[in-house]
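# Commentary on secondary and tertiary structure
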Amino acid sequence: MALLNLPLDQWPLSPSVTFLITLLTLYLLLYRLSARKLSPDEPPVLAPAIPICGHVLGMALFGGKYIKNLGIRRRDLPIFTLPVPGSRIYVVTDPALAAAVQRASRVLSFTPIVPEVTERVLGLDKATVEIARWNLDPGPGEERGFLADIQDMVYVWLGPGEYLAELSLAAAAEMRDEIASCAVSSSDPTDLLSWVRHLVTASTAEYLYGPHNPIALNPTLEAAFWDFDHGLGSLLMSILPSITARRAHAGREKLAAALHAYLQAGLHKTGSKIVQRRVDIALAHGWTLPAVAREELSFLFAGIVNATTSTFWILLHLYADAALLATARGEVEAVLEAGPSKPRLGITALRDMCPVLVAVYRECLRLGSDTYSTRLVKEDCVLADRYRLRKNAVVQIAGGVIHADPRVWGDDVDAFNPTRFLDRREGGGGGKQGSAFHPAAFRAFGGGKTLCPGRHFAMNEILAFVALVVLQFDMKPARGERMEVPRKNDGVLPVHILEPVRPVEVLISRREDDAAKAVRGVEFVM
């Protein structure tokens, strides 16, 4: 106190030292403020190195790997709190606790987040967003809003049943024709991801939106679509997107305009039944046609992106390992049957009778998926009878952390090892090799009430695509003797299966054995 009463000319410290002490004191005060719990039973708080805003900066600069690295460093914490300006993020890294989050769907819900996210990413107008917000999470007997109706319809239609079979067969047939007619070169290098992108994009647009779909009518929209995809993180930030996310914004607007013209012409009536039903539901809830066009961009996105990157990783890992490729190819050949007029390939047989192929599929999803299952805390609650969560905070189940946990997957957790899915079964238990893994540990499709409704279709589509390719083509690296598998690019927002950090160039040649010839005109059956 005596120092505070001294005249300025008698202050014993230099101005620079005084400034540094003041700055350090302010930092320590802010750090302590950032590290404090709001209640004794709140999950442990990880204070940011830069008080108040450090975690937000970390996520903006380092993408999904920021939270993933925090979770990996603090494996001792099944859940922790990240203080952010005006709110809290509760990060769940334990499968058992993830299951508890999924069971608490009444108070921990993804649905309230949807309108704001779609407004930013799709560029929806305010009136449409208000329609989307209305009765979006109704209780029993309450009137249903747009989101409740559209989600229920998609879950029912894409669940096991007649329509799933119908759409799966249409997708497989379209992919068969695209792959059979695609150009390949055994002398000119091909970017494998770009090759898969084109085939999946063209075939998906065709089987979902019909022969007059916007991408078929204007192939330049394919590049616009991938510009949109690669700028999703910047669009989500929504800070002058036409400037800060210029290419993504321009791509989105081109696609929205093309889809609007497609709907105005009534061409969606030549598309799939699920697209027609989606349009009908949106219009019945008061959406304008331009808004419906933007909403359909989200469905096109859901149909293309994960299928593309998943297929890329599966093909890369297969062709990088000759023995693994031979085994998977042999499994597919074994289920290829003679039909009355043409060979037949059963999609159910690919799922049930090709264990190595399915194990490769699942292992690629585990390694490639760092996605977060996100929920809003609708009211103060206690999770698992232990952790108090505050209203309006966000809960994130960190899929990337769980997928990298050696306690769940074994000591070789960072390695590509599809055999872990050959001698394991979901259903609980420990984490040693050969034992069952917790059902909430595999996060590629989320879980609980927000479990991806398209997961059955995605598996059918991807396995059919891979089967067609491995029977018809050989691939070798464009340079060198070995096919190198690059690491995934985890420095971006993990909204889907992650892409590689660099291109993979291959030389592709057609096979001419009996199986290759047979599958070019194969009839897909369930």
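Reading the values: the criteria
- Residues numbered from 1 in each chain as written.
- Predicted model: local features only at pLDDT ≥ 70, side-chain atom pairs only at ≥ 80, totals over all residues.
- Heavy atoms only, no water.
- Helix = DSSP H or I, 4+ residues; strand = E, 2+ residues; numbered from the N terminus.
- Rg over C-alpha atoms; globule rule 2.2 N^0.38 Å.
- Buried < 20%, exposed > 50% of the residue type's maximum accessible area, 1.4 Å probe, protein only.
- Contact = heavy atoms within 4.5 Å.
- Areas by Shrake-Rupley, 256 points an atom, 1.4 Å probe, with all protein chains shown as cover.
- Lys, Arg positive; Asp, Glu negative; His and termini not counted.
- Charge placed at Lys NZ, Arg CZ, Asp CG, Glu CD.
- Pairing = 2+ DSSP bridges.
- Phe/Tyr/Trp six-rings, centres within 6.5 Å; stacked < 30°, edge-to-face > 60°.
- Lys NZ or Arg CZ within 6 Å of the ring centre and 35° of its normal.
- Arc of directions from axis to C-beta.

### Description of the overall build of the protein
Within the protein, the secondary structure is distributed over 23 helices and 13 strands. Computed over C-alpha atoms, the radius of gyration of the protein comes to 26 Å, within 12% of the 24 Å expected from 2.2 N^0.38 for 526 residues, which places it in the range of a compact globule. Referenced to the eigenvectors of the C-alpha coordinate spread, the extents of the protein come out at roughly 100 × 55 × 45 Å. Each of the 526 residues in the protein was classed as buried or not, and the buried ones make up 50%. Long-range pairs, those at least 24 residues apart, make up 72% of the contacts in the protein with a sequence separation of at least 6. Approximately 23,800 Å² of the protein is accessible, and the part contributed by carbon and sulfur atoms is 57%. Positive and negative side-chain charges in the protein, numbering 56 and 56 respectively, have mean positions lying 5 Å apart.

### With respect to the sheet that holds strand β4 (residues 190-191)
Sheets are built from strands paired through backbone hydrogen bonds, the pairs being either parallel or antiparallel. The strand order across the open sheet formed by three strands is β4-β12-β11, and the pairing between neighbours is antiparallel. With partners counted over all chains shown, the strands left at the sheet margins are β4 and β11 (473-477), one partner each. Here β4 runs beside strand β12 (residues 505-510); their pairing, made up of two bridges, is antiparallel. Bridge pairing links Thr190 to Val506 in β12.

### Here's the deal with the pairing of strand β7 (residues 372-377)
Counting buried residues in β7 gives six out of six residues, a clear majority hidden from the surface. Side chains Tyr372, Thr374 and Leu376 of β7 all project onto a buried face; the interleaved residues Ser373, Arg375 and Val377 project onto the opposite face, where all are buried too. Sheet topology places strand β3 (residues 108-109) next to β7; two bridges connect them, and they run antiparallel. Paired with Leu108 across the bridge in β7 is Val377. Strand direction decides the pairing type here: β7 and strand β10 (residues 394-398), joined by five bridges, are antiparallel. Residue pairing across strands places Ser373 opposite Ile397, the latter belonging to β10.

### Some remarks on the packing of aromatic side chains
Under the defined criterion, the tally for this structure stands at 13 aromatic pairs. Where Phe225 meets Trp226, the ring centres are 5.2 Å apart and the plane angle is 85°; that geometry is what we call edge-to-face. Residue Phe225 is classed as buried on the basis of its relative accessible area of 0%. Where Phe312 meets Trp313, the ring centres are 5.0 Å apart and the plane angle is 65°; that geometry is what we call edge-to-face. Residue Phe312 shares its accessibility class with Trp313, and that shared class is buried. One aromatic cluster is present, formed by Phe225, Trp226, Phe228 and Phe301 through successive ring pairs. Across the ring face of Trp226, the terminal group of Arg197 is positioned such that the distance to the ring centre comes to 5.0 Å. In this structure, Arg362 is placed above the aromatic ring of Phe442, and the distance from its NZ or CZ to the ring centre is 4.6 Å.

### Regarding helix α2 (residues 54-62)
Residues of α2 that are buried: Gly54, His55 and Gly58. Viewed end-on, α2 has its buried residues packed into an arc of 95°, placing them on one side of the element. In this structure, the buried residues of α2 make contact with α3 (65-73) and β1 (79-84). Gly63 sits one or two residues past α2 and shows a positive phi near 65°.

### Observations regarding the sheet that holds strand β6 (residues 344-346)
Taken together, three strands build an open sheet; the order of strands is β5-β6-β13 and the sheet is mixed. Looking at the sheet topology across the chains shown, the edges are occupied by β5 (336-337) and β13 (523-525). In this sheet, β13 lies alongside β6 in parallel orientation, the contact comprising three bridges. Residue pairing in the sheet places Leu345 in a bridge with Phe524 of β13.

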